[in-house]
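# Descriptive structure summary
Residues per chain, in single letters:
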Amino acid sequence: MRGRRWMAVLGGFALLLAGCQGSTERDRDNPQPVSPAWQQVTLPAPPGPPGRLLLRDAVACAGRWYVVGGVADAAGATRPAAWTSGDGASWTSLPIAADSFYGKQNVLYSVGCRDGVAAVVGAKVGGAHGYPRVSTWRQRDDGALVEVAASFETYGGPKAINVARLAGGPAGWLIVGNRSSGAAAWVSPDAADFVLIEGAPELASDARGVSWAFDAVAGPGGWLAVGGVLPAGRIDRDPAAWTSADGRSWRRTTLPGSADHEELQRVVLAGDTAVAVGLRGRTFGAWRQSPGGDWVAAGGFGALGAGGVPSVSSLGAAGGRLVAAVSDGARHSLWTSSDLGGSWHEVVPATGLPAGADRDVSVLAVGERWWLAVDDGTRSGFWSAPAGPAPG
């Protein structure tokens with residue numbers, strides 16, 4: 001009897017130990033999602049006729065926050081809109097001064113920040129060929145966003161492909177995008193007049209492949225742009241990055257690629273380290289720049305859907321934490337990393353995140369808080385939450 005009791009105790013202990021080990025393995029293989037305590041933030045209705053808010057992008061610097069987008073009325077007509085805050089909690093609508101026919105219909109989709117001042121890119125599809133009619137916007141001393149006059153071929157014309165993202169930094173302002181000649185840039189010291197840089201050696205397409213730029217960020221030595229290069233005779237891109245002191249002369253680095261399609265779609269500075277996130281085959285992946293300047297592949301996460309166009313919608317960094325919004329083609333999801341992209345945990349969003357036309361998700365990280373802007377195609381919402389404890 002005594003022997004059987006000891007065998008039962010040992011057997012129970014073994015089952016308990018096995019259960020603990022199994023639980024540990026399950027936790028490692030299926031990490032628990034991060035669940036921030038989201039709180040909705042109210043953005044006031046902009047001046048003018050009522051309509052549905054369209055939220056597209058957010059940025060912060062030097063103690064000033066900005067959210068940009070537009071307003072759509074019941075008939076689908078749009079106008080630009082933007083909001084600002086000094087604490088991320090209380091927001092006011094910015095005055096908008098539009099001059100052109102399409103500028104008055106712009107939806108603002110990329111905002112940069114420099115010394116607490118914003119500059120913005122917006123567009124409205126129109127004209128005989130249905131191309132996006134792009135405008136840039138600068139901020140006056142009174143806070144108003146003013147449309148910047150530019151010739152049609154500065155952003156459009158027969159060589160136009162797209163105007164992607166705007167960034168502010170010590171050297172001024174940079175926009176990256178693409179022309180028929182490959183990756184291109186627009187530079188300005190004050191956002192009052194952008195100069196197009198197209199066909200630039202190393203930046204544009206050449207015998208090594210067709211280049212494509214997605215995003216840029218200001219760094220200590222100037223500008224860092226990211227994207228991909230399609231080598232001759234291939235159908236998949238290899239990831240690429242470009243550096244420039246002035247936005248005019250560029251140096252290309254093609255990262256080690258594979259037989260899979262790989263490209264860098266968003267980039268941020270996490271402290272002193274540049275981290276980019278993009279497509280890596282059938283998943284999303286991160287890359288980071290080493291202190292010596294070389295790029296290395298970091299962790300992967302998520303999976304691409306069977307339909308739609310996958311993309312990295314937004315990427316933020318603060319306090320050693322990354323937060324990314326990605327779309328697998330059918331839905332958006334949020335992910336966070338506390339080790340510079342080495343490992344990732346999914347984040348529970350404040351609301352559903354469908355993907356598709358006219359549906360956008362943007363994330364912003366400042367200090368120990370995150371902000372989330374969501375447009376699900378029928379309504380927009382804006383939330384904030386403490387980033388919470390870093391996942392293990």
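Residues numbered from 1 in each chain as written. Predicted model: local features only at pLDDT ≥ 70, side-chain atom pairs only at ≥ 80, totals over all residues. Heavy atoms only, no water.

Put simply, the protein chain has an average pLDDT of 91, and 91% of its residues get 70 or more. Note on residues 1–28: pLDDT under 50 across the span, and one contact to partners over four residues away in sequence or across chains. (pLDDT = per-residue confidence, 0-100. Contact = heavy atoms within 4.5 Å.)

As for its position among the elements, Ser135 is in strand 9 (residues 131–139). Polar contacts involving the side chain of Ser135 include one to the side chain of Glu147, which spans 2.9 Å. With sequence-adjacent residues up to four places away left out, Ser135 is seen in contact with Ser100, Gly103, Asn106, Val120, Val121, Gly122 and Glu147. (Helix = DSSP H or I, 4+ residues; strand = E, 2+ residues; numbered from the N terminus. Polar contact = N/O pair within 3.5 Å; in protein donor to acceptor, adjacent residues only side chain to side chain.)

Our next topic: the pairing of strand 10 (residues 145–148). Here strand 10 shows a buried face lined by Leu145 and Glu147 and a second buried face lined by Val146 and Val148. Direction of pairing for strand 6 (residues 96–97) relative to strand 10: parallel, over a ladder of two bridges. Its bridge partner being in strand 10, Ile96 is matched across the sheet by Leu145. As judged from the four bridges shared by strand 9 and strand 10, these two strands associate in the antiparallel manner. Note on strand 10: the bridge partner recorded for Arg138 is Val146. (Buried < 20%, exposed > 50% of the residue type's maximum accessible area, 1.4 Å probe, protein only. Pairing = 2+ DSSP bridges.)

Let's shift gears to the sheet that holds strand 16 (residues 222–230). Paired through their backbone hydrogen bonds, the strands of a sheet run either parallel or antiparallel. Strand order in the open sheet formed by four strands is 15-16-17-18, with antiparallel pairing between adjacent strands. The open sheet has two edge strands with one neighbour each: strand 15 (210–219) and strand 18 (251–254). Strand-to-strand twist of the sheet, defined as the mean angle between neighbouring strand axes without regard to direction, takes the value 25°. Both strand 17 (residues 238–244) and strand 18 contribute to a ladder of four bridges, which runs antiparallel. Looking at the pairing, Trp242 lines up with Arg252 of strand 18. (Axes fitted to C-alpha atoms, helices over the stretch in contact; angles between N-to-C directions.)

In terms of nonpolar packing, the biggest core is built from 18 residues, with Leu174, Leu203, Trp242 and Trp250 touching the most fellow members. Mapped by element, the contributors of at least two residues to this core are strand 12 (172–179), strand 13 (182–188), strand 15, strand 16 and strand 17. If near-sequence neighbours (up to four positions away) are discounted, Trp250 is found in contact with Leu174, Ala185, Pro201, Glu202, Leu203, Trp223, Ala225, Trp242, Thr243 and Ser244. (Core = buried A, V, L, I, M, F, W, Y, C linked by side-chain atoms within 4.5 Å.)

Within this structure, the stated rule accounts for one disulfide. Linked covalently through their sulfurs, Cys61 and Cys113 form a disulfide whose S-S length is 2.0 Å. Taking the sign of the torsion about the S-S bond as the criterion, the disulfide between Cys61 and Cys113, at about -70°, is left-handed. Remark: Cys113 occurs in strand 7 (residues 107–114) and Cys61 occurs in strand 2 (residues 52–61); sequence separation between them is 52 residues. The class for Cys61 is buried, based on a relative accessible area of 17%. On the basis of relative accessible area, Cys113 is assigned to the buried category, the value being 10%. (Disulfide = S-S within 2.5 Å.)

Burial of strand 4 (residues 78–85) is extensive: eight of the eight residues sit out of reach of the surface. Neither face of strand 4 is exposed, since Thr78, Pro80, Ala82 and Thr84 on one face and Arg79, Ala81, Trp83 and Ser85 on the opposite face are all buried. In terms of strand pairing, strand 3 (residues 64–72) meets strand 4 through eight bridges, oriented antiparallel. Bridged to Gly69 within strand 4 is Ala81. A loop of five residues connects strand 3 with strand 4, the two strands running antiparallel in sequence, and Gly76 in this loop sits at a positive phi of about 95°. As paired strands, strand 4 and strand 5 (residues 91–93) are joined by three bridges and run antiparallel to one another. Bridge pairing in strand 5 links Thr84 to Thr92. In textbook terms, the turn of a hairpin is the stretch between consecutive antiparallel strands, and for strand 4 and strand 5 this stretch comprises five residues, one of which, Gly88, has a positive phi near 80°.

This part takes up the sheet that holds strand 6. Judged by pairing direction, the sheet is mixed, and its five strands sit side by side in the order 6-10-9-8-7 without closing on themselves. Across the chains shown, the open sheet's two edge strands, defined by having one partner strand only, are strand 6 and strand 7.

Turning our eyes to something else, we now look at the pattern of salt bridges. Enumeration over the complete set of coordinates arrives at 15 salt bridges. The shortest N-O distance in the salt bridge between Asp375 and Arg56 comes to 2.8 Å. Highlighted residues: Asp375 in strand 28 (residues 369–375) and Arg56 in strand 2, separated in sequence by 319 residues. A residue is classified by how much of its surface remains accessible, and Arg56, at 13% relative accessible area, is buried. Between Arg140 and Asp142 there is a salt bridge, with the nearest N and O atoms lying 2.9 Å from each other. (Salt bridge = Lys/Arg side-chain N within 4 Å of Asp/Glu carboxyl O.)

Evaluation of the coordinates by the stated rule reveals eight aromatic pairs. Seen from their ring centres, Phe101 and Tyr102 are 5.0 Å apart, and the 80° between their planes marks the pair as edge-to-face. Given the relative accessible area of 58%, Phe101 is considered exposed. Summarising the aromatic geometry, the rings of Trp212 and Phe214 are spaced 6.4 Å apart at their centres and angled 55° between planes, so their arrangement reads as tilted. Ring pairs connect the aromatic residues Phe284, Phe301, Trp335 and Trp344, which therefore count as one cluster. If you follow Arg280 out to its NZ or CZ, it ends over the ring of Trp287, 4.3 Å from the centre. (Phe/Tyr/Trp six-rings, centres within 6.5 Å; stacked < 30°, edge-to-face > 60°. Lys NZ or Arg CZ within 6 Å of the ring centre and 35° of its normal.)

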